[in-house]
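Listed below, chain by chain, are the residues.
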Amino acid sequence: AGRQLAAQIKLVIGAGQAKPAPPVGPALGQAGLNIMGFCKEFNAKTADVKDGTPIPVSINAYADRSFDFTMRSPPATHFIKQAAGLTGGADRPGHETAGHVSLKHIYHIAEVKSKDPGMEHISMRSICSQLIATAKSMGVKVVPRPEDAPKKK
C-alpha cells in the first residue's frame, strides 16, 4: 500500500528563494512538514535557474510527515514579459500596446512549456496559440519576425 496523502499544496516560489518566512513557512507548517528540509531541497534543485524566476511547485504532503514535490516551468506571462523586455503588462490591454514579441519568441517559450508535466499530449501549435492569446491579454503584440517590431524611440 502507498503512503496516505494528507494535503496537496500549490505555491509559486522564486528560484533559489525558498525561505521559512511567509508564504512558504505557514503553508508547509499547517501540513506539519519539515520547512527547512523543503527550502534546502527546493533551492538546490533551482540553483541552475536565474534567481527570482517564479517556479510553480506542487507539494504532496503525506500522513507520515514526509513530502515530495514537482516543479513546473515558470508561468507564460513571465517568459512573455522577459522576451518583450517589460516589467509588467499593459494597463489597458487591447487599447494600448505594452511591447512586442516575435513568433520566434513564442515558439521558444512553447518548447519550454511543452516539457511541463501534463503538456506531453498538446501540440506545439496549440501551445503557441495559447501563448499568443496570453500575450494579447497582457497587451503585448505578437509580430511575425523580430525585425517587424517598431523601434522604441
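Structural data are supplied above this passage.
Residues numbered from 1 in each chain as written. Predicted model: local features only at pLDDT ≥ 70, side-chain atom pairs only at ≥ 80, totals over all residues. Heavy atoms only, no water.

> Can you lay out the overall build of the protein for me, pointing to particular residues and giving the numbers?
Within the protein, the secondary structure is distributed over 5 helices and 5 strands. Scanning the protein from its N terminus toward the C terminus, one meets helices and strands in the order β-α-α-β-β-α-β-α-α-β. Expressed as lengths along the three principal axes of its C-alpha atoms, the size of the protein is roughly 55 × 35 × 30 Å. In the protein, which comprises 153 residues, the share counted as buried stands at 36%. In the protein, once contacts between residues fewer than 6 apart in sequence are set aside, the share between residues at least 24 apart is 62%. (Helix = DSSP H or I, 4+ residues; strand = E, 2+ residues; numbered from the N terminus. Buried < 20%, exposed > 50% of the residue type's maximum accessible area, 1.4 Å probe, protein only. Contact = heavy atoms within 4.5 Å.)

> Please set out the sheet that holds strand β3 (residues 67-71) residue by residue, giving values where relevant.
In spatial order, the strands read β1-β2-β3; together these 3 strands make up an open sheet with antiparallel pairing. In this open sheet, the two strands that pair with only one neighbour each are β1 (5-14) and β3. Going across the sheet, the axis of each strand differs from the next one's by a mean of 20°, ignoring polarity. Note: strand β2 (residues 54-62) against β3, 5 bridges, orientation antiparallel. (Pairing = 2+ DSSP bridges. Axes fitted to C-alpha atoms, helices over the stretch in contact; angles between N-to-C directions.)

> Outline unusual backbone geometry, supporting the account with residue identities and numerical values.
One non-glycine residue, arginine 65, adopts positive backbone phi at about 70°. With respect to the element layout, arginine 65 can be found in the loop between β2 and β3. By relative accessible area, arginine 65 is classed as exposed at 58%.

> Account for helix α2 (residues 35-45), with residues named and values stated.
An α-helical segment advances 3.6 residues per turn. Residues three or four places apart therefore align on the same side. Where α2 is concerned, the buried positions are Phe38, Cys39 and Phe42. One side of α2 carries all its buried residues, which in axial view fall inside an arc of 100°. Set apart from the buried face of α2 by more than 90 degrees, the exposed residues are Lys40 and Ala44. Taken together, the buried residues of α2 touch β1, α1 (24-30), β2 and β3. By the N-cap criterion, in which a side-chain oxygen at the helix start approaches the backbone nitrogen of a residue two or three places on, α2 is capped by asparagine 34, the distance to methionine 36 being 3.3 Å. (Arc of directions from axis to C-beta. Polar contact = N/O pair within 3.5 Å; in protein donor to acceptor, adjacent residues only side chain to side chain.)

> Talk me through the packing of helix α4 (residues 103-113) against helix α5 (residues 124-138); I want residue IDs and the actual numbers.
At a minimum axis distance of 9 Å, the contact between α4 and α5 shows a crossing angle of 120°. The two elements α4 and α5 cross, and the hand of that crossing is right-handed. Residues Leu103, Ile106, Tyr107, Ile109, Ala110, Glu111 and Lys113 of α4 lie in contact with α5, whose contacting residues are Met124, Ile127, Cys128, Leu131 and Ile132. For the contact of α4 with α5, a count of residues per class yields 10 nonpolar, no polar and 2 charged. (Left-handed = near helix turned anticlockwise from the far one by under 90°. Nonpolar A, V, L, I, M, F, W, Y, C, P; charged D, E, K, R; others polar.)

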